[in-house]
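Here's the letter readout for the chains.
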Amino acid sequence: MPTNEKEYNGYLFDQLSLIEEISEVAEEENAQKTLAMLEKKKRQVERKLYQQPPLISE
């Protein structure tokens, strides 16, 4: 479990990077269902990442 918000945000950015890399392959393979699911997951991660107010109040 992350100990602070900065570390937690790092994990979320890692997840976004993975989603982007997998999306590239899915686009090459024209995998529309996979692309739709990846877009949904990306929105979920971004919702956590850019939440206002932040998840952890200092």
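Scroll up a little and you will see the structure.
In this convention, every chain numbers its residues from 1, walking through the sequence in written order. Per-residue local features are limited, in this predicted model, to residues with pLDDT of at least 70; the limit for side-chain atom pairs, both in listing and counting, is 80 or more; totals at the level of whole chains, interfaces and linings are taken over all residues. As a rule here, side-chain values come from all non-hydrogen atoms in the structure, and water together with hydrogens is ignored.

Remarks on a negative patch on the surface
Selection rule: Only residues whose relative accessible area exceeds 30% and that form no salt bridge are eligible for patches; like-charged ones are grouped when within 9 Å, while nonpolar side chains (Val, Leu, Ile, Met, Phe, Trp, Tyr) are grouped when within 5 Å. What sets the accessible areas is the Shrake-Rupley method with a 1.4 Å probe; for residues, cover comes only from the shown protein chains. Put simply, a salt bridge is a Lys or Arg side-chain nitrogen that is within 4 Å of an Asp or Glu carboxyl oxygen. When charges are counted, Lys and Arg contribute as positive and Asp and Glu as negative, whereas His and the chain ends are disregarded. Charge placement uses NZ in Lys and CZ in Arg. For Asp and Glu, CG and CD serve respectively. Note on conventions: DSSP H or I runs of at least 4 residues are helices, E runs of at least 2 residues are strands, and numbering of each starts at the N terminus.
Judged by side-chain charge, Glu20, Glu21, Glu24, Glu27, Glu28 and Glu29 come together as a negatively charged surface patch. For Glu27, the position within the fold is in helix H1 (residues 5-28).

Observations regarding the environment of Asn4
Here is the rule we go by: Polar contact is defined as a pair of N or O atoms within 3.5 Å, subject to the rule that within protein one atom must be able to donate a hydrogen and the other to accept it, and that residues adjacent in sequence are counted only when both atoms are side-chain atoms.
Within the fold, Asn4 resides in the segment before H1. Here the side chain of Asn4 touches Lys6 through a polar contact of 3.2 Å, landing on its backbone nitrogen. At 2.7 Å, the side chain of Asn4 and the backbone nitrogen of Glu7 are in polar contact.

Some points on the nonpolar core
Which entries qualify depends on this criterion: What makes a nonpolar core is a set of buried Ala, Val, Leu, Ile, Met, Phe, Trp, Tyr and Cys residues whose side-chain atoms join them at distances within 4.5 Å. The buried label goes to any residue with under 20% of its type's maximum accessible area, the exposed label to any with over 50%, and the partly exposed label to all in between, with areas taken from a 1.4 Å probe on protein chains only. What makes two residues a contact is simply this: any of their non-hydrogen atoms within 4.5 Å.
Within the largest apolar cluster, nine residues are counted, these being Leu12, Leu16, Ile19, Ala26, Ala31, Leu35, Leu38, Val45 and Leu49. Looking at this core, the elements that each hand over two or more residues are H1 and helix H2 (32-49). With residues up to four places along the chain from it excluded, the contact list for Leu38 reads Ile19, Ile22, Ser23 and Ala26.

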